[in-house]
Amino acid sequence: LARAAELETIEWDVAETRGGGPFEAINEADVFVNCVLVTRELPPFVTRELLARPDRKLSVIADVSCDPYGPFNPLPIYDACTTFADPCLEIAAGTQPLHLIAIDNLPSLLPLESSEDFGKQLVPCLATLDDRDNSVWLRAHRQFIDASSHL
(Lines give C-alpha, C1' and ligand atoms only; values in the text may rest on other atoms or scores of the structure.)
Protein backbone atom coordinates (compact mmCIF):
# COMPACT_ATOMS: atom_id res chain seq x y z
CA LEU A 1 0.00 0.00 0.00
CA ALA A 2 2.78 2.41 0.91
CA ARG A 3 4.56 1.77 -2.36
CA ALA A 4 1.33 2.12 -4.36
CA ALA A 5 0.71 5.46 -2.65
CA GLU A 6 4.35 6.40 -3.38
CA LEU A 7 5.09 6.97 0.29
CA GLU A 8 8.64 6.91 1.55
CA THR A 9 9.23 3.69 3.48
CA ILE A 10 11.96 2.06 5.50
CA GLU A 11 11.78 -1.72 5.38
CA TRP A 12 13.44 -3.70 8.13
CA ASP A 13 13.71 -7.44 8.39
CA VAL A 14 15.50 -9.99 10.53
CA ALA A 15 18.98 -8.57 9.93
CA GLU A 16 17.96 -5.09 11.13
CA THR A 17 15.99 -6.23 14.20
CA ARG A 18 17.81 -9.40 15.28
CA GLY A 19 19.52 -7.81 18.28
CA GLY A 20 16.46 -5.94 19.50
CA GLY A 21 16.16 -2.27 20.26
CA PRO A 22 15.16 0.17 21.32
CA PHE A 23 15.47 1.65 17.85
CA GLU A 24 15.74 5.42 17.84
CA ALA A 25 14.97 5.46 14.09
CA ILE A 26 11.36 4.50 14.87
CA ASN A 27 10.88 7.93 16.47
CA GLU A 28 11.99 9.53 13.20
CA ALA A 29 9.17 7.94 11.17
CA ASP A 30 5.61 9.28 11.00
CA VAL A 31 4.02 5.82 11.10
CA PHE A 32 5.51 2.56 12.37
CA VAL A 33 3.95 -0.73 11.23
CA ASN A 34 5.16 -3.68 13.28
CA CYS A 35 4.57 -7.06 11.64
CA VAL A 36 7.18 -9.47 12.93
CA LEU A 37 7.27 -12.94 14.41
CA VAL A 38 9.40 -12.88 17.55
CA THR A 39 10.12 -16.32 19.01
CA ARG A 40 12.62 -15.43 21.72
CA GLU A 41 13.30 -12.73 24.26
CA LEU A 42 15.03 -9.66 22.92
CA PRO A 43 15.18 -6.01 23.93
CA PRO A 44 12.02 -4.10 22.96
CA PHE A 45 11.82 -2.19 19.69
CA VAL A 46 10.37 0.83 21.52
CA THR A 47 9.97 1.86 25.14
CA ARG A 48 7.88 4.54 26.82
CA GLU A 49 11.11 6.42 27.57
CA LEU A 50 12.08 6.43 23.90
CA LEU A 51 8.61 7.59 22.87
CA ALA A 52 8.67 10.40 25.46
CA ARG A 53 11.56 12.18 23.74
CA PRO A 54 10.64 15.71 22.62
CA ASP A 55 12.02 15.21 19.08
CA ARG A 56 9.67 12.28 18.31
CA LYS A 57 7.95 12.55 14.90
CA LEU A 58 6.11 9.23 15.28
CA SER A 59 2.35 9.67 15.60
CA VAL A 60 0.90 6.23 14.79
CA ILE A 61 1.95 2.68 15.57
CA ALA A 62 0.08 -0.15 13.87
CA ASP A 63 0.99 -3.38 15.62
CA VAL A 64 -0.12 -5.98 13.09
CA SER A 65 1.71 -8.68 15.06
CA CYS A 66 -0.44 -7.71 18.04
CA ASP A 67 0.85 -9.79 20.93
CA PRO A 68 0.47 -7.65 24.06
CA TYR A 69 -0.02 -10.75 26.23
CA GLY A 70 2.98 -12.78 25.00
CA PRO A 71 6.42 -12.96 26.59
CA PHE A 72 8.18 -11.90 23.37
CA ASN A 73 6.24 -8.69 22.65
CA PRO A 74 8.68 -6.19 21.09
CA LEU A 75 6.30 -3.29 21.88
CA PRO A 76 5.78 -3.42 25.66
CA ILE A 77 4.00 -0.05 25.65
CA TYR A 78 0.48 -1.45 25.87
CA ASP A 79 -1.19 -4.39 27.58
CA ALA A 80 -4.46 -5.04 25.70
CA CYS A 81 -5.63 -5.30 22.12
CA THR A 82 -7.76 -2.62 20.54
CA THR A 83 -11.02 -3.46 18.76
CA PHE A 84 -12.91 -2.54 15.61
CA ALA A 85 -15.27 -0.47 17.78
CA ASP A 86 -12.40 1.26 19.60
CA PRO A 87 -9.39 0.86 17.25
CA CYS A 88 -6.92 3.35 18.75
CA LEU A 89 -5.18 3.48 22.08
CA GLU A 90 -3.70 6.80 23.11
CA ILE A 91 -0.08 6.24 24.10
CA ALA A 92 0.77 9.95 24.40
CA ALA A 93 -1.46 13.01 24.49
CA GLY A 94 -0.78 16.72 24.26
CA THR A 95 1.04 18.53 21.48
CA GLN A 96 2.74 15.29 20.30
CA PRO A 97 -0.04 12.71 20.32
CA LEU A 98 0.78 9.08 19.64
CA HIS A 99 -1.86 6.47 18.90
CA LEU A 100 -1.54 2.71 18.63
CA ILE A 101 -3.71 0.33 16.61
CA ALA A 102 -3.47 -3.28 17.77
CA ILE A 103 -6.49 -5.21 16.50
CA ASP A 104 -5.62 -8.89 16.87
CA ASN A 105 -7.74 -9.93 13.89
CA LEU A 106 -6.91 -6.99 11.62
CA PRO A 107 -6.72 -9.09 8.40
CA SER A 108 -10.46 -9.72 8.73
CA LEU A 109 -11.00 -6.11 7.63
CA LEU A 110 -9.95 -7.28 4.17
CA PRO A 111 -11.11 -10.93 4.14
CA LEU A 112 -10.87 -11.45 0.38
CA GLU A 113 -7.45 -9.84 0.05
CA SER A 114 -6.02 -11.54 3.13
CA SER A 115 -7.36 -14.93 2.02
CA GLU A 116 -5.96 -14.52 -1.47
CA ASP A 117 -2.56 -13.48 -0.15
CA PHE A 118 -2.47 -16.32 2.37
CA GLY A 119 -3.45 -18.77 -0.37
CA LYS A 120 -0.72 -17.51 -2.71
CA GLN A 121 1.82 -18.09 0.04
CA LEU A 122 0.45 -21.44 1.23
CA VAL A 123 -0.38 -23.32 -2.00
CA PRO A 124 3.25 -23.63 -3.21
CA CYS A 125 4.18 -25.04 0.20
CA LEU A 126 1.29 -27.51 0.17
CA ALA A 127 2.47 -28.74 -3.22
CA THR A 128 5.68 -29.94 -1.50
CA LEU A 129 3.97 -31.56 1.49
CA ASP A 130 5.29 -35.00 0.54
CA ASP A 131 8.88 -33.71 0.51
CA ARG A 132 10.05 -33.99 4.11
CA ASP A 133 13.43 -32.48 3.20
CA ASN A 134 11.83 -29.24 1.95
CA SER A 135 13.12 -26.32 4.02
CA VAL A 136 9.58 -24.98 4.61
CA TRP A 137 8.48 -28.14 6.36
CA LEU A 138 11.76 -28.57 8.23
CA ARG A 139 11.44 -25.02 9.60
CA ALA A 140 7.78 -25.57 10.48
CA HIS A 141 8.65 -28.78 12.30
CA ARG A 142 11.48 -27.07 14.22
CA GLN A 143 9.18 -24.21 15.23
CA PHE A 144 6.52 -26.69 16.35
CA ILE A 145 9.03 -28.61 18.48
CA ASP A 146 10.42 -25.37 19.94
CA ALA A 147 6.97 -23.96 20.75
CA SER A 148 5.86 -27.28 22.24
CA SER A 149 8.84 -27.36 24.56
CA HIS A 150 7.63 -24.15 26.25
CA LEU A 151 4.26 -25.63 27.23
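Everything numeric in this text was worked out from a predicted model, so none of it was measured.

Looking now at the sheet that holds strand 3 (residues 88–92). The four strands are arranged 1-2-4-3 in an open sheet whose pairing can be described as mixed. This sheet does not close on itself; its edge strands, each paired only once, are strand 1 (31–34) and strand 3. Taking each pair of neighbouring strands and ignoring which way they run, the sheet shows an average axis angle of 20 degrees. Inspection of the sheet shows strand 2 (residues 60–63) paired to strand 4 (residues 98–101) by three bridges, in the parallel sense. Looking across to strand 4, one finds that Ala62 is bridged to Ile101.

Quick look at the pattern of salt bridges now. Going through the model one piece at a time under the given rule, you end up with two salt bridges. The residue Glu11 makes a salt bridge to Arg3 at a minimum N-O spacing of 2.8 Å. Residue Glu11 is classed as exposed on the basis of its relative accessible area, which comes to 53%. Where Arg53 meets Glu24, a salt bridge forms, and the shortest distance between an N and an O atom there is 3.3 Å. Here Arg53 is found in the loop between helix 2 (48–51) and strand 2, whereas its partner Glu24 is found in the loop between helix 1 (14–17) and strand 1, with 29 residues between them in sequence.

What follows concerns the state of the cysteines. All told, the structure shown has zero disulfides when counted by the stated rule. The thiol sulfur of Cys35 is not disulfide-bonded, and the nearest other cysteine sulfur, from Cys66, lies at 12 Å. In this model Cys81 remains outside any disulfide bridge; the closest cysteine sulfur is found in Cys66, 3.4 Å from its own. When its relative accessible area of 19% is taken as the criterion, Cys81 is described as buried.

This paragraph deals with the environment of Leu126. Relative to the elements of secondary structure, Leu126 occurs in helix 3 (residues 111–126). Using a relative accessible area of 43% as the deciding quantity, one classes Leu126 as partly exposed. In this structure the C-alpha to C-alpha distance between Leu126 and Trp137, which are 11 residues apart in sequence, comes to 9.5 Å.

Regular strands place their side chains on alternate faces of the sheet. Side chains Leu98 and Leu100 project from strand 4 onto a buried face, and the interleaved His99 and Ile101 project onto a face without burial. Here strand 3 pairs with strand 4 via four bridges, running antiparallel. Looking at strand 4, one finds that Leu89 is bridged to Leu100. Hairpin connection between strand 3 and strand 4: a loop of five residues separates the two successive antiparallel strands, and Gly94 in this loop has a positive phi of roughly 85 degrees.

A separate point is the nonpolar core. Grouped together as the largest cluster of nonpolar side chains are 19 residues, with contacts concentrated most on Leu51, Ile61, Leu75, Ile77 and Tyr78. Elements supplying a minimum of two residues to this core: helix 2, strand 3 and strand 4. Among all residues touching Leu75, those that are not within four sequence positions of it are Phe32, Asn34, Phe45, Val46, Ile61 and Asp63.

Let us look at helix 3. The first and last C-alpha atoms of helix 3 sit 21 Å apart over 16 residues, in line with the 22 Å expected at 1.5 Å per residue. The sharpest bend along helix 3 comes to roughly 25 degrees, located at Lys120, with the proline Pro124 sitting one to four residues further on.

Turning to the environment of Asn73, a few remarks are in order. Within the secondary structure layout, Asn73 lies in the loop between strand 2 and strand 3. When the C-alpha positions of Asn73 and Cys35 are compared, they lie 11 Å apart, and in sequence the two are 38 residues distant. The contact partners of Asn73, leaving out residues within four places of it in the chain, are Asp63, Asp67, Pro68 and Tyr78.

Calculation criteria
Residues numbered from 1 in each chain as written. Predicted model: local features only at pLDDT ≥ 70, side-chain atom pairs only at ≥ 80, totals over all residues. Heavy atoms only, no water. Pairing = 2+ DSSP bridges. Helix = DSSP H or I, 4+ residues; strand = E, 2+ residues; numbered from the N terminus. Axes fitted to C-alpha atoms, helices over the stretch in contact; angles between N-to-C directions. Salt bridge = Lys/Arg side-chain N within 4 Å of Asp/Glu carboxyl O. Buried < 20%, exposed > 50% of the residue type's maximum accessible area, 1.4 Å probe, protein only. Disulfide = S-S within 2.5 Å. Core = buried A, V, L, I, M, F, W, Y, C linked by side-chain atoms within 4.5 Å. Contact = heavy atoms within 4.5 Å. Expected span 1.5 Å × (residues − 1). Bend = angle between axes of the 7 residues up to and from the residue.

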